[in-house]
Amino acid sequence: MVERSKKPVPIPVSSTGAENPGFVLESDRVKLSLPTGESAEILLHGATVISWVVDGQEKLFLSEKAALDGSKPVRGGIPLVFPVFGKSTEGPTAALPQHGFARLCKWELLGRTSEADTAIQVDFGLGPENLTDDQRNQWPYEFGLIYSVNLSMSSLETKMLVRNEGSETFDFNVLFHTYFRIPDINNLTIEGLKGTSYKCKVTKSEAVEEEVELPVRSEVDRVYAGVPNAVQVKNGGETIFKVGGTNLEDIVVWNPWEGASKMADFGPEDGYKNMICVEAGAVSKWHSLEPQSVWEGSAVVNI
Ligand SMILES: O=P(O)(O)OC[C@H]1O[C@@H](O)[C@H](O)[C@@H](O)[C@@H]1O
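Residues numbered from 1 in each chain as written. Predicted model: local features only at pLDDT ≥ 70, side-chain atom pairs only at ≥ 80, totals over all residues.

Our working definition: UniProt positions are given in the numbering used here, feature names are shortened, and annotations may be inferred rather than shown by experiment.
Under an unreviewed UniProt entry, the name given to the protein chain is Glucose-6-phosphate 1-epimerase, and the source organism is Tuber melanosporum. In its Catalytic activity (unreviewed entry) section, the UniProt record describing the protein chain reads: "alpha-D-glucose 6-phosphate = beta-D-glucose 6-phosphate". Turning to the protein chain, the UniProt annotation filed under Sequence similarities (unreviewed entry) states: "Belongs to the glucose-6-phosphate 1-epimerase family."

Rendered as structure tokens:
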């Protein structure tokens, strides 16, 4: 497992919150909360954030048909994409399923690292020892991941540290596949993408974004490469989320529109009207990590 300079505080297995204010560990999840009322919930399965509440309002979309038992990736919240974005047809990730294995594995809870009243952070770890034999065969590299979720009063930060613990260089992608809960897709625009090149998976074309405020009024599946600044998700012209990051140069925008009805785990059927995925990641090209090197990337969503 990856060595860290800042060791987390060990957490008693049956933590109730009494000895660890703001932190509750249940059999399959961790619940975080701040004295000011903000909260987050993270499943050990996939280390998937499935809830983020600010001002009493849920900020993430979670399908009512999402499987939370580890049988499949969670449809909603913030599934983690690693080491491949999408499905490779060739190269070292070709044997892996779409979006890799990080969202399919049970992560280890490493502990919490922040004690402040205004923020709480929890760390999760994943290494080859947490993979099934099949997954190890599909991607036989020695790696260590540390995933940190930091809840503060008006933001949620997700941070991934990737370490190459073997003797061979490997290539990877990382993405925080964030499903935002929104009031109405017909009032939604996304600002901050103008001038950025993108690949559209719906029309199988490439273009440069021309819209200052991009409306989403039909199926969208685009990978914007090299987004210079934070992106704003707006409802009726008002910013409801600001998505920024460090070392995560790309943004994926996805809404399946009526195609959602073909997904067995998507519900309600018209739920696509209340969600938009704006996903910060490093996916438009491979990132190469040499033996014993570390890469770190983080996304911050501000309300
Ligand atoms: O159904 P999955 O595997 O969770 O993927 C959902 C979507 O994830 C997006 O990030 C991809 O760009 C889409 O192409 C994909 O359909």
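## Some points on the overall build of the protein chain
This is how the line gets drawn: Think of it this way: any DSSP run of H or I at least four residues long counts as a helix, any run of E at least two long counts as a strand, and we number them from the N terminus. Based on C-alpha atoms, the radius of gyration is set beside the globule rule, defined as 2.2 Å times the residue count to the power 0.38. Neighbour counting defines burial: a residue surrounded by 20 or more other C-beta atoms within 10 Å of its own C-beta is buried, one with 12 or fewer is exposed, and intermediate counts give partly exposed, using backbone-placed C-beta atoms. Any two residues are considered in contact once their C-beta atoms, placed from the backbone, lie within 7 Å.
Assigned secondary structure in the protein chain consists of one helix and 22 strands. On C-alpha atoms alone, the protein chain measures out to a radius of gyration of 19 Å, which is about the 19 Å that the 2.2 N^0.38 rule sets for 303 residues. Taken along the three principal axes of its C-alpha coordinates, the protein chain extends 50 × 45 × 35 Å. Looking at the protein chain as a whole, 41% of its 303 residues qualify as buried. Excluding contacts between residues fewer than 6 apart, the proportion of contacts in the protein chain whose partners are at least 24 apart in sequence is 64%.

## A short note on the UniProt feature "active site" (unreviewed entry) in the protein chain
Within this numbering scheme, the UniProt entry marks H177 and E279 as carrying the feature "active site" (unreviewed entry). A maximum C-alpha distance of 4.9 Å is found for the annotated residues, which run over 103 residues; spatially they form one tight group. For H177, a count of 23 C-beta atoms within 10 Å puts it in the buried group. Sequence-distant contacts of H177, that is, excluding residues within four places in its chain, are made with I78, P79, V81, C277 and E279. Its location among the elements puts E279 in strand β21 (residues 275-289). E279 has contacts with L175, F176, H177, T178, I251, V252 and W254, leaving out every residue within four places of it along the chain.

## Concerning the sheet that holds strand β2 (residues 29-33)
In a beta sheet, neighbouring strands are held together by backbone hydrogen bonds and run either parallel or antiparallel to one another. Stated precisely, the cut-off is as follows: Strands were regarded as paired on the criterion that DSSP finds at least two bridges between them.
Strand order in this open sheet of five strands is β1-β2-β3-β4-β5, and the pairing throughout is antiparallel. For this open sheet the edge positions go to β1 (23-25) and β5 (57-58), each flanked by a neighbour on one side alone. Examined bridge by bridge, strand β3 (residues 39-43) and strand β4 (residues 49-54) share four bridges and lie antiparallel to one another. Looking at the pairing, S39 lines up with V53 of β4.

## Things to note about the sheet that holds strand β18 (residues 231-235)
The condition is simple: Interaxial angle, 0 to 180 degrees, is taken between N-to-C directions of lines fitted to C-alpha atoms, where a helix line uses only the stretch in contact.
Read from one edge of the open sheet, nine strands run β7-β8-β9-β10-β22-β19-β18-β13-β16, paired in antiparallel fashion. Each having just a single partner strand, β7 (108-112) and β16 (213-215) make up the two edges of the open sheet. Strand-to-strand twist in this sheet, taken as the mean axis angle between neighbours without regard to direction, amounts to 20°. With four bridges connecting them, β7 and strand β8 (residues 119-126) associate as antiparallel partners. Across the sheet, the residue bridging to G111 is D123, located in β8.

## Describing the UniProt feature "binding site: substrate" (unreviewed entry) in the protein chain
As recorded in UniProt, the sites labelled "binding site: substrate" (unreviewed entry) are R75, Q98 and R103. Spanning 29 residues, the annotated positions come together in the fold, the maximum distance between their C-alpha atoms being 13.6 Å. For R75, the position within the fold is in the loop between β5 and β6 (80-81). Looking at R75, the number of C-beta atoms within 10 Å reads 23, which means it is buried. If you trace the backbone, Q98 turns up in the loop between β6 and β7.

## Describing the confidence of the model for the protein chain
As a reminder, the rule being used: pLDDT is a per-residue confidence score from the predictor, ranging from 0 to 100.
Summing up the model confidence of the protein chain, the mean pLDDT is 94 and the portion of residues at 70 or higher is 93%. Here the predicted complex scores 0.95 on pTM and 0.99 on ipTM.

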